[in-house]
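Architecture at a glance
What follows is each chain in one-letter form.
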Amino acid sequence: MMEHGKREPMFEMFLYESNQLIEQLEQTILDVERCGAMTLEQINQIFRVMHTIKGSSAMMMYNHISELTHYAEDLFHYLREHPSAIDDPTSLTDLVLSVSDAMKSELRKIDRGEETKDHFSELVADVRAYIHNLKEQGVGGKTAPSNALRETVERQPQAKLARSDRAEPGTTAYEAVLRFDEDCGMENIRCFTVVHNLKDNADIFGYEPEDIMTNHEGSSERIRRDGFRIAFSSPQGYDELIEFFAGSSYISKVDLTTVAAASETVEAVPEQDARPSADSKTPAPTSAMQAAQESIQSTQSHFLSVNVEKMDKLMDLVGELVISEAMVTEHPELRGLQLDQFLKAARQLKKITGELQDVVMSIRMVPLSATFQKMNRIVRDMSKKLNKDVALHIAGQETEVDKSIIEHLSDPLMHMIRNCVDHGVEAAEERAAAGKPAQGAVWLEARNAGGEVWITIRDDGRGLDKNKILAKAKSNGLLHKAEEEYSEREIYSMIFLPGFSTKEAVTEYSGRGVGMDVANKNIQALGGTIHVESVLGKGTSVVVKIPLTLAIIDGMTIKVGDSRFTVPTGSIRESFRVNDEEIIRDPDGNEMLLIRGRCHKVLRLYERYALRTEVTALDRGVMLMVEYEDEAVCIFADELLGKQQVVVKSLPPILKKINGVSGCTLLGDGSISLILDISGLLQPAA
């Protein structure tokens, strides 16, 4: 077993591919349960997933995972031959999800370097018992039609190729030439996996290149150029072997030939001679088959897997380029000079830099579909455990956000979906009494809105009871003003307070007041906002607004003494000048401004961060009104320096605890500007 910590590319690839395949597996089986039937393509898809994980885990010496998937593969092999055996999709879904859960748990342990299981004896027994029951029940006697996969590989006539005299009685000698997807990478490892899996049902004579495990680069290059040749004998038939190869990952083409007789000569013939001739008894591939294969190859060649670290590095370099471009074009020594040609070249540089930035940003954009589809499993499991009938409706899953954001979005969405199912949607009796359909509904929707993505999670449940929330907040001592002064939005926002829950009984899913607090904090950490709307008896909507990216933002740079601050332009409501006479003070002595009938707190940054400045009189500086959700504050600064795109950098550890500062950036003149966190500024100074 591989030791944790080495993090070799092959190990990373194993974890990545396995997790991706398990997600694909879960989505497929949930679709089966939802539709109440299973198509042959879905059976084949799950079979391929199991087969691939089986091979890769065996190659990585995780034999317990390989054993589990082997039996799961047996199940779907049986179902493929007897599709009518599927008379209870729910029990099949339960079993497959148990297998996927077990594999996910093991992969997490492997990823963290924790001790893993030796075997899945109970789960394997369940799978075997399920197969046994299907056979005992005698259902599924009807044999499935030929596997569609067979149509995507090229069938070859017999040819004089390998050492058929080495084949044992009852077996047939074969030679196969495998070709892989153009951009799959690690061809030598994939060939090793094929050989490893083939040994279960074949006697391997030899293969070319022979040095796939000792000469990684050289053997991979030869496989890409000439294909991977393997000679073997097997008791399996031609079609079964074609099926085997087609089920292996990243194989784009298989040329499989049988060796005619045991006494045949052993000379190999060039690959092109093995192609079907005009008078061959084997029918040539149909135009539809060729079109299908070309379509697959064409689609696959349009995608390229790239290491995330390389993408992050590229993004960093683009950020540095943006800064360098600003440092050159805004250099202080250029001020006042008449440099027409320089300005023309600078505009061209800015244009190209902007286009490069857009391209790199687009590469990092990932659709929300994978994150959204995970919620199907959560709703399904909760519905069963809570004995509720709840349907999840997904819309806008093709909406894209930066990968760095999407990685932190899954947990908040999970908590909010769980809250909808557990808190929002009523039990069947309560829904019937309210005249609602028996099946509750939860919607998960996403859409672009300017530079933001809005995600809405809503349900048709009982809604929030304002009086109950206020009473709970009052009993917990959370009210800071008279009850009648709280707006609806403020009341609903209380469900995000730490430890706040109106539910009297603690369940597996909620009741401790933790989930929504975590969701709110995670969304805030992403620079997003979250607010709640609700109608009692009708349902609740939670709207999450998140930025498209955290890497580069539009900001307004302001000056306070010798310091620079950057305010995200999305938070700025307006800027204006005031004088001392316009200031009013509350009973605690806090400065306030009355603007359009509402009082807003004045925040002098030089006082907040103990900075030296000569601009302390209000009429000498500028006021910037910024907002977060429905709260606003007036920031007093010396002057506005201008708007520009800035590259967000992490704060050094010593500055990370400064309230109201989320990061920093390097300005065109080489100075450092601190990026203000508006939600933090609204909190009392530490």
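Residues numbered from 1 in each chain as written. Predicted model: local features only at pLDDT ≥ 70, side-chain atom pairs only at ≥ 80, totals over all residues. Heavy atoms only, no water.

Going by the annotation in an unreviewed UniProt entry, the name recorded for the protein is Chemotaxis protein CheA, with Paenibacillus antri given as the source organism. Quoted verbatim from the Function (unreviewed entry) heading of the UniProt record, the comment on the protein is "Involved in the transmission of sensory signals from the chemoreceptors to the flagellar motors. CheA is autophosphorylated; it can transfer its phosphate group to either CheB or CheY." UniProt, in its Subcellular location (unreviewed entry) section for the protein, records the words "Cytoplasm". (UniProt positions renumbered as here; feature names shortened; annotations may be inferred.)

1. Here's the deal with the pairing of strand S2 (residues 172-180)
The buried fraction of S2 is high, at seven of nine residues. Pairing analysis gives seven bridges linking S2 to strand S4 (residues 228-234), with the strands arranged antiparallel. Looking across to S4, one finds that alanine 173 is bridged to serine 233. Sheet topology places S2 next to strand S5 (residues 251-258); seven bridges connect them, and they run antiparallel. The residue of S5 that forms the bridge with leucine 178 is valine 254. (Buried < 20%, exposed > 50% of the residue type's maximum accessible area, 1.4 Å probe, protein only. Helix = DSSP H or I, 4+ residues; strand = E, 2+ residues; numbered from the N terminus. Pairing = 2+ DSSP bridges.)

2. Quick word on the sheet that holds strand S7 (residues 390-395)
Strand order across the open sheet formed by five strands is S7-S9-S10-S12-S11, with mixed pairing between neighbours. The sheet is open, and its two borders are formed by S7 and strand S11 (529-535), each paired with just one other strand. Shown here is a sheet whose adjacent strand axes are inclined to one another by a mean of 15°, direction ignored. Bridge analysis of S7 against strand S9 (residues 440-449) gives six bridges, and the strand direction is parallel. Looking across to S9, one finds that leucine 392 is bridged to valine 442. (Axes fitted to C-alpha atoms, helices over the stretch in contact; angles between N-to-C directions.)

3. A closer look at the packing of aromatic side chains
For the coordinates displayed, the defined rule picks out six aromatic pairs. Ring centres of tyrosine 207 and phenylalanine 228 lie 5.7 Å apart, and the angle between their planes is 40°; this geometry places the pair in the tilted category. Here tyrosine 207, found in strand S3 (residues 203-208), pairs with phenylalanine 228, found in strand S4; they are 21 residues apart in sequence, far enough to count as distant. For tyrosine 207, a relative accessible area of 27% corresponds to the partly exposed category. Taking relative accessible area as the criterion, phenylalanine 228 reaches 0% and is therefore assigned buried. Taken together, the ring pairs connect Tyr174, Phe232, Phe244 and Phe245 into an aromatic cluster. Sitting above the plane of the phenylalanine 47 ring, arginine 80 keeps its charged end 4.0 Å from the centroid. (Phe/Tyr/Trp six-rings, centres within 6.5 Å; stacked < 30°, edge-to-face > 60°. Lys NZ or Arg CZ within 6 Å of the ring centre and 35° of its normal.)

4. What to know about helix H2 (residues 40-59)
Spanning 20 residues, H2 covers 28 Å between terminal C-alpha atoms, matching the ideal 28 Å at 1.5 Å per step. Within H2, 16 of the 20 residues are buried, which leaves it mostly tucked inside the rest of the structure. Once H2 ends, the next one or two residues include methionine 61, with phi positive near 70°. (Expected span 1.5 Å × (residues − 1).)

5. Some details on the pattern of salt bridges
For the coordinates displayed, the defined rule picks out 37 salt bridges. Among the salt bridges present, the one from arginine 80 reaches glutamate 243, with a minimum N-O distance of 2.7 Å. Remark: glutamate 243 occurs in helix H8 (residues 238-246) and arginine 80 occurs in helix H3 (residues 63-81); sequence separation between them is 163 residues. Each of Glu26, Glu33, Asp94, Asp101, Lys104, Arg377, Arg380, Asp381 and Lys384 takes part in one network of salt bridges that share partners. (Salt bridge = Lys/Arg side-chain N within 4 Å of Asp/Glu carboxyl O.)

6. Some thoughts on the sheet that holds strand S20 (residues 631-637)
One open sheet accounts for six strands, arranged S15-S19-S20-S18-S17-S16; its pairing is mixed. Edge positions in the sheet fall to strand S15 (572-576) and strand S16 (583-585), since each has one partner strand and no second. With direction set aside, neighbouring strand axes in the sheet form an average angle of 35°. Relative to strand S17 (residues 591-595), S16 is paired through three bridges, and the arrangement is antiparallel. Following the sheet pairing, isoleucine 583 is matched in S17 by leucine 593.

7. Observations regarding the nonpolar core
Counting residues in hydrophobic clusters, the biggest one holds 46 residues, and the most contacted among them are Met38, Leu75, Phe76, Leu79, Leu92 and Met103. Every residue in contact with methionine 38, bar those within four places of it in the chain, is listed here: Ile29, Val32, Ile43, Ile46, Phe76, Ile86 and Leu92. (Core = buried A, V, L, I, M, F, W, Y, C linked by side-chain atoms within 4.5 Å. Contact = heavy atoms within 4.5 Å.)

8. Considering the side chain of aspartate 517
Structurally, the position occupied by aspartate 517 is in helix H18 (residues 515-525). The class of aspartate 517 is buried, set by a relative accessible area of 12%. Of the polar contacts made by the side chain of aspartate 517, one reaches the side chain of lysine 521; its length is 2.8 Å. (Polar contact = N/O pair within 3.5 Å; in protein donor to acceptor, adjacent residues only side chain to side chain.)

9. Observations concerning the environment of asparagine 188
Relative to the helices and strands, asparagine 188 is located in helix H6 (residues 187-198). The class for asparagine 188 is buried, based on a relative accessible area of 3%. For the pair asparagine 188 and glutamate 221, spaced 33 residues apart in sequence, the C-alpha to C-alpha distance is 8.9 Å.

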